[in-house]
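# Tertiary structure, described
Below, each chain spelled out in residue letters.
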Amino acid sequence: MKLSVFHTPELTPDQNSADCAIAIDVLRATSTIATALAVGAEAVQVFSDMDKLMHESEAWQPEKRLRAGERGGSKVAGCELGNSPLDCTAELMHDRRLFISTTNGTRALQKVQASKTVLAAALINRRAVVDHLLKHHPETVWVVNAGWEGSFALEDTVCAGAIAHSLAKGLGVPLEELAGNDEAIGAVALYQQWQDNLLGLLHHASHGKRLLRLDCQDDLKYCAQIDVLDVLPMQREIGVLVRA
Ligand code: MLT
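A brief report on the enclosed structure follows.

Criteria and thresholds
Residues numbered from 1 in each chain as written. Predicted model: local features only at pLDDT ≥ 70, side-chain atom pairs only at ≥ 80, totals over all residues. Heavy atoms only, no water. Salt bridge = Lys/Arg side-chain N within 4 Å of Asp/Glu carboxyl O. Helix = DSSP H or I, 4+ residues; strand = E, 2+ residues; numbered from the N terminus. Buried < 20%, exposed > 50% of the residue type's maximum accessible area, 1.4 Å probe, protein only. Phe/Tyr/Trp six-rings, centres within 6.5 Å; stacked < 30°, edge-to-face > 60°. Contact = heavy atoms within 4.5 Å.

Further remarks concern the pattern of salt bridges. Using the criterion set out here, one finds 13 salt bridges in the structure. A salt bridge links Arg107 to Glu10; the nearest nitrogen and oxygen atoms lie 3.0 Å apart. Residue Arg107 is located in helix H4 (residues 105-111), and its partner Glu10 is located in the loop between strand E1 (2-6) and strand E2 (20-24); the two are separated by 97 residues in the primary sequence. By relative accessible area, Arg107 is classed as partly exposed at 27%. Overall, the relative accessible area of 45% leaves Glu10 in the partly exposed class. Lys64 is paired through a salt bridge with Asp95; the nearest N and O atoms lie 3.2 Å apart. Of this pair, Lys64 sits in the loop between helix H2 (50-57) and strand E4 (65-71) while Asp95 is found in the loop between helix H3 (90-93) and strand E6 (97-101), placing the two residues 31 residues apart along the sequence.

In structure tokens:
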């Protein structure tokens, strides 16, 4: 198995050759997607375009859908929800489809949507993702970070490192054997430095600071937890993720 990390969708090659692609947006899209599925959402359908989301969700009965829209960290007008995983209660999500569009996270998922297997990972469900990789042994794994508007993001990179670190251990191979690019080795180094203070790292991250300015400190606390949700969001059809 070879695992490569790409810091942004823009840095991810267009010619997709991954057997398994993993999109990461710790703050907060993939944390929200994992949480929605964990508490009983029927599926999560992702859109990069807000108008498309509104149009497609119109075809669903209002009691069977929820619309979540985020731009710049804030909720988009006309949606029931923004992008806080803490809004994903069992009562609200039960048997409903979550239609979601966010600034960067949904773009990362779209970038790799043609891969054989597409997963969504965050710190909160890291173990479920690693267990899947250990069980299925895909030859080529691409970890695609959402980043922020084309730039590197600490929180996504530390999560990529947490996955690669645990995977190398589980496979019983040195990291150099698993790593498909330099970014994978760098991500593990970041994780090793911050593994005991992930919340501290999220506070240093530029998007973490943006969310703190928007009064979202509880979101940071929630998203900084590791291995707390046993849920694997997997793409069932293009743009639609379900609990595997
Ligand atoms: C994104 O897609 O950029 C994020 O999920 C933004 C957010 O924190 O809502």
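Don't stop here, the text continues.
Our focus in this paragraph is the packing of aromatic side chains. Under the defined criterion, the tally for this structure stands at three aromatic pairs. Geometrically, the ring pair formed by Trp60 and Phe99 is edge-to-face, given 5.7 Å between the ring centres and 75 degrees between the ring planes. Here Trp60 is found in the loop between H2 and E4, whereas its partner Phe99 is found in strand E6, with 39 residues between them in sequence. A relative accessible area of 0% means that Phe99 is categorised as buried. Members of the aromatic cluster, joined through ring pairs, are Phe47, Trp60 and Phe99.

Attention now moves to the environment of Ser17. Checked against the element boundaries, Ser17 lands in the loop between E1 and E2. We classify Ser17 as partly exposed; its relative accessible area is 47%. Separated by 97 residues in the primary sequence, Ser17 and Ala114 have C-alpha atoms spaced 9.4 Å apart. Excluding its chain neighbours within four sequence positions, the residues that come into contact with Ser17 are Thr140 and Trp142.

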